Amino acid sequence: MSGKRDKLAQTRLYGIADLGYLEEAALEDSVAALLEGGVDLIQLRAKNVAEGRILAFAQRIAPLCKAAGVPLSINDLVGVARQSEADGVHLGQADGQLSSAWSALGHGAIVGRSTHSVLQARTAPRQGADYIGFGLIFPTPTKEGRPGIGLRDIAQVEEEIGSRIPVFCIGGIKRENLAKVLEAGARRVVIVSGLLQAADIAERCRKVRAILSAGD
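Residues numbered from 1 in each chain as written. Predicted model: local features only at pLDDT ≥ 70, side-chain atom pairs only at ≥ 80, totals over all residues. Heavy atoms only, no water.

### Considering the packing of aromatic side chains
Within a pair of aromatic rings, the relevant descriptors are the distance that separates the centres and the angle that separates the planes.
Phase 1: Tallied over the entire structure, the rule returns 3 aromatic pairs.
Phase 2: For the pair Tyr14 and Phe168, a centre-to-centre distance of 5.3 Å together with 90° between the ring planes defines the contact as edge-to-face. Taken together, the positions of Tyr14 in strand S1 (residues 13–18) and Phe168 in strand S7 (residues 167–170) put the pair 154 residues apart, joining distant regions of the chain. For the pair shown, Tyr14 and Phe168 are each scored as buried.
Phase 3: Through a chain of ring-to-ring contacts, three or more aromatic side chains come together here, namely Tyr14, Tyr131 and Phe168. (Phe/Tyr/Trp six-rings, centres within 6.5 Å; stacked < 30°, edge-to-face > 60°. Helix = DSSP H or I, 4+ residues; strand = E, 2+ residues; numbered from the N terminus. Buried < 20%, exposed > 50% of the residue type's maximum accessible area, 1.4 Å probe, protein only.)

### Comments concerning the nonpolar core
Phase 1: Within the largest apolar cluster, 72 residues are counted, with the highest numbers of intra-cluster contacts made by Leu13, Ile42, Leu44, Leu72, Ile132, Ile173 and Val189.
Phase 2: Considering every element that reaches this core, the biggest residue donor is helix H3 (residues 51–68), with 7 residues.
Phase 3: Dropping the residues within four chain positions of it, Leu44 is found in contact with Ala17, Leu19, Ile54, Phe57, Ala58, Ile61, Leu72, Ser73, Ile74 and Asn75. (Core = buried A, V, L, I, M, F, W, Y, C linked by side-chain atoms within 4.5 Å. Contact = heavy atoms within 4.5 Å.)

### Observations concerning the pattern of salt bridges
Phase 1: The final tally for this structure, using the stated rule, is 10 salt bridges.
Phase 2: Note that Arg53 is salt-bridged to Glu24, the shortest N-O span being 2.0 Å. Separated by 29 residues along the polypeptide, Arg53 in helix H3 and Glu24 in the loop between S1 and helix H2 (27–37) bring together distant segments of the chain.
Phase 3: The class of Arg53 is partly exposed, set by a relative accessible area of 39%.
Phase 4: A salt bridge links Arg122 to Glu160; the shortest N-O distance between them is 2.8 Å. You can see Arg122 sitting in helix H6 (residues 118–127) and its partner Glu160 sitting in helix H7 (residues 154–161), a full 38 residues away along the chain.
Phase 5: Accessibility expressed as a relative area gives 32% for Arg122, which makes it partly exposed. (Salt bridge = Lys/Arg side-chain N within 4 Å of Asp/Glu carboxyl O.)

### Some points on the state of the cysteines
Phase 1: This model, assessed by the stated rule, comprises 0 disulfides.
Phase 2: With no disulfide of its own, Cys65 lies 12 Å from the sulfur of Cys205, the closest cysteine sulfur.
Phase 3: Here Cys169 is not cross-linked by a disulfide; its sulfur's nearest cysteine counterpart is in Cys205, at 18 Å. (Disulfide = S-S within 2.5 Å.)

### Focus: the pairing of strand S6 (residues 131–135)
Phase 1: Burial of S6 is extensive: 5 of the 5 residues sit out of reach of the surface.
Phase 2: Burial of the side chains of S6 extends over both faces: Tyr131, Gly133 and Gly135 are buried on one face and Ile132 and Phe134 on the other.
Phase 3: Across 4 bridges, strand S5 (residues 110–115) lies against S6 in parallel orientation. Each residue of the ladder has a partner; that of Thr115, found in S6, is Phe134. (Pairing = 2+ DSSP bridges.)

Keep in mind these values describe shape, not function.
Quick look at the structure:
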């Protein structure tokens, strides 16, 4: 197993530097706070933004992640991941083939896939995904108008898929409902606004990590 995949196997808290929540000028400070607080993996996400600008964002934060030893993933854009020397890419169901991402990035890259059902979760490892995001667990403004799938299938997906590749529950997860998600069977989570909108991002990360550790 590569060093990147070793880190992935140990990852519990996955943060997203989402420009839908962050001011551009605050990007580095926010990523630095996520890293200080103990986030294990960071994704850069900037929907409806020109690819050249996203590349510039990635180049701004890639050195911070590298210095902290935390992998950086780029949402959707394989070209940006390659040019910024990020560690991988995260692809939605309609965002291309995983094999194409590896052809562009090399097989040392971390390639994740969004999944929204048990069937999609089962399919992703067969396609070669290194990890999956599973959700949306709860409705979230990030995916406005999309209903949450709830807690019911978490345990089944974790049992079937989690022994093979990491499963990250995502969607509307915050410190206040995290215990319920863990009780439903989750071991790993993605938290977006619940971290980025905190008055003290690093301290919020530490509190979330404490809840994750208490669930062990």
